[in-house]
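As a plain string of letters, each chain reads:
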Amino acid sequence: MFIKDAWYIAAWAHEVKEQVLARKICNESIVIFRDKATQKAGALRDRCCHRGTPLSYGQVVDAGLECGYHGLVFNTAGTCVHIPGQAKIPSKACVQSFPLVEKDEFLWIWMGDPEKADVSKIVDYPYHNDYGKWPHKHEVYHVKANSMLMVDNLMDLTHLAYVHKSTIGGSNANAHIEAQMKVTPKDTGLHFIRWLLNSTPPPTYKKAVPDIGERVDRWMEFEFVAPGSVIQWTGGLKTGLDAQNNRDQEGGFSLRIFHGLTPETENSCYYFWSAANGYRQNDPQATEDLFHEITVAFSEDKGIVQAQQRMLDETGTSGLVDIVSDQARVHMRRTVTKLLAQEQQSAA
Amino acid sequence: MFIKDAWYIAAWAHEVKEQVLARKICNESIVIFRDKATQKAGALRDRCCHRGTPLSYGQVVDAGLECGYHGLVFNTAGTCVHIPGQAKIPSKACVQSFPLVEKDEFLWIWMGDPEKADVSKIVDYPYHNDYGKWPHKHEVYHVKANSMLMVDNLMDLTHLAYVHKSTIGGSNANAHIEAQMKVTPKDTGLHFIRWLLNSTPPPTYKKAVPDIGERVDRWMEFEFVAPGSVIQWTGGLKTGLDAQNNRDQEGGFSLRIFHGLTPETENSCYYFWSAANGYRQNDPQATEDLFHEITVAFSEDKGIVQAQQRMLDETGTSGLVDIVSDQARVHMRRTVTKLLAQEQQSAA
Amino acid sequence: MFIKDAWYIAAWAHEVKEQVLARKICNESIVIFRDKATQKAGALRDRCCHRGTPLSYGQVVDAGLECGYHGLVFNTAGTCVHIPGQAKIPSKACVQSFPLVEKDEFLWIWMGDPEKADVSKIVDYPYHNDYGKWPHKHEVYHVKANSMLMVDNLMDLTHLAYVHKSTIGGSNANAHIEAQMKVTPKDTGLHFIRWLLNSTPPPTYKKAVPDIGERVDRWMEFEFVAPGSVIQWTGGLKTGLDAQNNRDQEGGFSLRIFHGLTPETENSCYYFWSAANGYRQNDPQATEDLFHEITVAFSEDKGIVQAQQRMLDETGTSGLVDIVSDQARVHMRRTVTKLLAQEQQSAA
């Protein structure tokens, strides 16, 4: 069961150029392609209305997407505009199209009622358009787990001390567990911020910003926007610079990560993420190094969450016990459950 | 659901020599082996009546096929003729046998009521016995698609312009789409012939028969015999030689292809095919080249049809729309549906 | 359906040292680990009570097994002894534990009612502790077949002449089939012994014991203890030495094999086995050679039994016919069926 009246990331914009892209989203097989003339991307159901062949086996021609089997052509609205050897095109010869919007390097898709597809509701992430201040690299992982298990992962950062022991978690188990944590519910999600005030900067921080000093105020700020976006801003400033009131000063360490979780099926999803370097913007190697470090850490998350999914597939969720560190996670789940119920009520 | 009162190709005759062959046909696991004395091939259910072990894990001994687990031996009629350490063989110790006939390099099997297995109904293909006039090579592909989707493929040749763009289809999309097409229904199938009169010979034709000239009359003749045989004769003659009334003249280009589709399961089949060189019979390389070209093209068919099957598995067939070029295909499907209904009525 | 009130082999003791071991037994996912202080091994359900993550992705710490996701720690009794960031541990925060006993190089697990787990019922196999008289090596195979099909295999030795034609079966088909066979039913299993009196020793025997002579009395003694243990003692003595009354003399050939079959699922199991050299104990190469020979033979058993399972999955067991050589096998099956019925009756 998925929230369908919502914008999901279908692809990185650059994944669809001349070539078409097949992706399954909320259990629907989708093909994404760009109109030759306008270069605007469109999303159709990946199934020719003639013989059911996936349109993603076809190619883009002047008039639209040509089926690779018998040559029917569809435009980005899903209208059939050409049937070889046949002058009249019956109106029922069409395929379903889905609202698709290109914004901030993403292609956002709307899987529900097209009437409700309000473009103003798409999450803003302007940092993707600011390579000067936020140089970044991105990825997409295929994860064999329900997308919500990946969001869970991001809502409880105590996992850093266990999953990422050998990478970003470091030996700071207690520091992470004892951080000050403030959760703020929002209508379609939540915001939380964690502060480690007057703490020893981890090696990564010192390496990134050599003169950051011996004591720093560190923050981890996360915003979850249902159903699948998590926006992260993490960093540290020398203690004494009043970081809690002004984090955006020169001389600190900070990075931004966008996490986009898009359901493929009930037990698989796509994990779109980018990592932006906010501390040594003129050093491409710093951006590369950050990307590499995050790649390793997120592969660890993928591994443990996939194992969790396999066990839940086998045993269900009965008997599971929430703990204190689940606060943000439990709130996030409640919000998603509420939104899903609202959508189903509105449909009924 | 399969037509079972029918002859299907179980194997190429040469696939069964000393070694036995396991194959699943119409969802039944079958073992095929040759009697040592007579060299006649027989087909049994691939399941020992003792402990259920596949007989295809055994070996042929003088008295028949010996189970590889505890040594029971069965003859080609499925009668148990030896139980180690036991003098009396109970009558229920037997396995089902299936009528099997070797003809024209094929082993034909009958999966339905053995009483109805009329050998005279087996499709004739004498070209397999005429290596002088029709030198040929053959193959068997395992295709993860319902056998009827592969027959569909052969009934609508407009796919050549799309699936085989880079091979046999060439750049003749319109020529193929606009060909004259004559479909003749038959009791157990259909016949169609397509003519491209006074047309430019494609490069393959000119290469095969250098003095074929600049204008040719080309034909593509197909006969479908339910449930799984398609017999193809394709070629061209210099325009002016009255090809439509006498195709079998010297100096032209022609090839024959046999297509045999045998269901394995509801969404997989075997594709037996041979390609015979009818233009440069004394040149073994010409036969090799033809075989190679067809190999590439039929792999393209296999690829697109498997993709089609996966999508139909996911979405079913609802909403699909027939088009003008489906004429022969739709007729073929109607015939098969009728034969299946007749068989089920007669069984009830 | 499995007998659960019984001891099964969960692992070779050496498989669990610092590292933990995940194994599925009777359809339950289990994690086995050793307590750091006591080195005693324990078995828990492989599912953290917090978020369902497999505990086998964690690591052993001083207090017990630490979950690799959020750091909860459980002792070998399944009690949660630590929740990061939380002082009070709720009583429902626990995981199921299973009785586990280390004995004779095995870890034996009890999957049923813990109240009934009587350690005195565990099969004795003292030869594993006697490297002087019975030097041995061991293995564990994962077999894609119901464990009972593997026990079947051991209860009907006529298969040696067919499955092991090229290895231990040799060309002695008739000798094996005509052996004297005595079956003795027992409450929880059966015992059988086969004698080949005054027979030609096979090459293996002569190679192992060069002065064994030209005529030997050979025995194959097997004891089945439900649900999964088969204890084998095989050997030969020069004819005339009264082997039937005193097999344990110097100068003969003999080997011992332990077969332990533990269900993983309804159609897969673990096959734990060891092979002990009872004829040239001072020659490590003799132990290696014996192990190698058995490895090949048991891989043959695995192959044919997996094929049998696949066919039974496809066709069920209807129509199968018992034969004379099935005597011990049929008795074994009857015993297991009886024990299973008793367990279910007692549960109801």
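You'll find the structure just up there.
The following refers to the structure shown. (Residues numbered from 1 in each chain as written. Chains lettered and ligands numbered in written order. Predicted model: local features only at pLDDT ≥ 70, side-chain atom pairs only at ≥ 80, totals over all residues. Heavy atoms only, no water.)

**Section: the overall build of chain A**
Okay, step 1: Check the secondary structure of chain A and you find six helices and 18 strands.
Okay, step 2: Computed over C-alpha atoms, the radius of gyration of chain A comes to 22 Å, within 12% of the 20 Å expected from 2.2 N^0.38 for 348 residues, which places it in the range of a compact globule.
Okay, step 3: Seen through its principal axes, chain A has C-alpha atoms that stretch 75 × 50 × 35 Å.
Okay, step 4: Buried positions account for 58% of the 348 residues belonging to chain A.
Okay, step 5: Look at the contacts in chain A between residues 6 or more apart in sequence, and 58% of them connect residues 24 or more apart. (Helix = DSSP H or I, 4+ residues; strand = E, 2+ residues; numbered from the N terminus. Rg over C-alpha atoms; globule rule 2.2 N^0.38 Å. Buried < 20%, exposed > 50% of the residue type's maximum accessible area, 1.4 Å probe, protein only. Contact = heavy atoms within 4.5 Å.)

**Describing the interface of chain B and chain A**
Okay, step 1: In this complex, chain B contributes 31 residues to the contact, which on the side of chain A involves 29 residues.
Okay, step 2: A buried area of about 2400 Å², summed over both sides, lies between chain B and chain A, and 55% of it is on carbon and sulfur atoms.
Okay, step 3: Taken together, chain B and chain A are joined by three salt bridges.
Okay, step 4: Note that K165 of chain B is salt-bridged to E66 of chain A, the shortest N-O span being 2.9 Å.
Okay, step 5: Summed over the shared surface of chain B and chain A, the number is 13 residue pairs in polar contact (both at pLDDT 80 or more).
Okay, step 6: Looking at which element gives the most residues to the side of chain B that touches chain A, the answer is helix α5 (residues 284–315) of chain B, with ten residues.
Okay, step 7: Tallied by class, the residues present in the side of chain B that touches chain A amount to 13 nonpolar, ten polar and eight charged. (Buried area = accessible area lost by both parts, 1.4 Å probe. Salt bridge = Lys/Arg side-chain N within 4 Å of Asp/Glu carboxyl O. Polar contact = N/O pair within 3.5 Å; in protein donor to acceptor, adjacent residues only side chain to side chain. Nonpolar A, V, L, I, M, F, W, Y, C, P; charged D, E, K, R; others polar.)

**A word on the relation of the copies chain B and chain A**
Okay, step 1: With an RMSD of 0.0 Å, the operation that places chain B on chain A is a rotation of 120° combined with a shift of 0.1 Å along the axis. One copy is carried onto the other by what is essentially a three-fold rotation axis. No C-alpha of chain B lies nearer the rotation axis than that of D313 of chain B, which sits 13 Å from it. (Least-squares fit on C-alpha atoms with pLDDT ≥ 70 in both.)

**Considering the sheet that holds strand β17 (residues 253–265) of chain A**
Residues and elements named next belong to chain A.
Okay, step 1: Pairing is antiparallel across the open sheet formed by seven strands, whose spatial order is β12-β18-β17-β16-β15-β14-β13. This sheet does not close on itself; its edge strands, each paired only once, are β12 (136–143) and β13 (180–186). Pairs of neighbouring strands in the sheet enclose a mean axial angle of 15°, with direction left out of account.
Okay, step 2: Direction of pairing for β12 relative to strand β18 (residues 268–277): antiparallel, over a ladder of eight bridges. From the neighbouring strand, V143 faces β18, where its bridge partner is C269. (Pairing = 2+ DSSP bridges. Axes fitted to C-alpha atoms, helices over the stretch in contact; angles between N-to-C directions.)

**What about the sheet that holds strand β9 (residues 97–98) of chain C?**
Residue and element names in this part refer to chain C.
Okay, step 1: Strand order in the open sheet formed by four strands is β2-β3-β4-β9, with antiparallel pairing between adjacent strands. The open sheet is flanked by β2 (21–25) and β9, the only strands paired with a single partner.
Okay, step 2: One ladder, built from two bridges, connects strand β4 (residues 41–45) with β9; its direction is antiparallel. Counterpart to L44 in the pairing with β9 is S97.

**Brief notes about helix α1 (residues 147–155) of chain B**
Three- or four-residue spacings in an α-helix give side chains the same orientation, since the helix completes a turn every 3.6 residues.
Residue and element names in this part refer to chain B.
Okay, step 1: Burial of α1 is extensive: nine of the nine residues sit out of reach of the surface.
Okay, step 2: The complete set of buried residues in α1 reads S147, M148, L149, M150, V151, D152, N153, L154 and M155.
Okay, step 3: For α1, the N-terminal cap is N146; the gap from its side-chain oxygen to the backbone nitrogen of M148 is 2.8 Å.

**A short note on the packing of aromatic side chains**
How two aromatic rings sit relative to each other is given by the distance of their centres and the angle of their planes.
Okay, step 1: The tally for this structure, following the rule as stated, stands at 59 aromatic pairs over all chains.
Okay, step 2: Taking 4.3 Å as the distance between ring centres and 35° as the angle between the ring planes, the aromatic pair formed by Y205 of chain A and F253 of chain A counts as tilted. Of this pair, Y205 of chain A sits in helix α4 (residues 203–208) while F253 of chain A sits in strand β17, placing them 48 residues apart in sequence. F253 of chain A shares its class with Y205 of chain A; the two are buried.
Okay, step 3: Through a chain of ring-to-ring contacts, the aromatic side chains of W12, F106, W108, Y125, Y127, W134, F258, Y270 and F272 of chain A assemble into a single cluster.
Okay, step 4: We note K302 of chain C situated over the ring of Y141 of chain C; from NZ or CZ to the ring centre the distance is 5.7 Å. (Phe/Tyr/Trp six-rings, centres within 6.5 Å; stacked < 30°, edge-to-face > 60°. Lys NZ or Arg CZ within 6 Å of the ring centre and 35° of its normal.)

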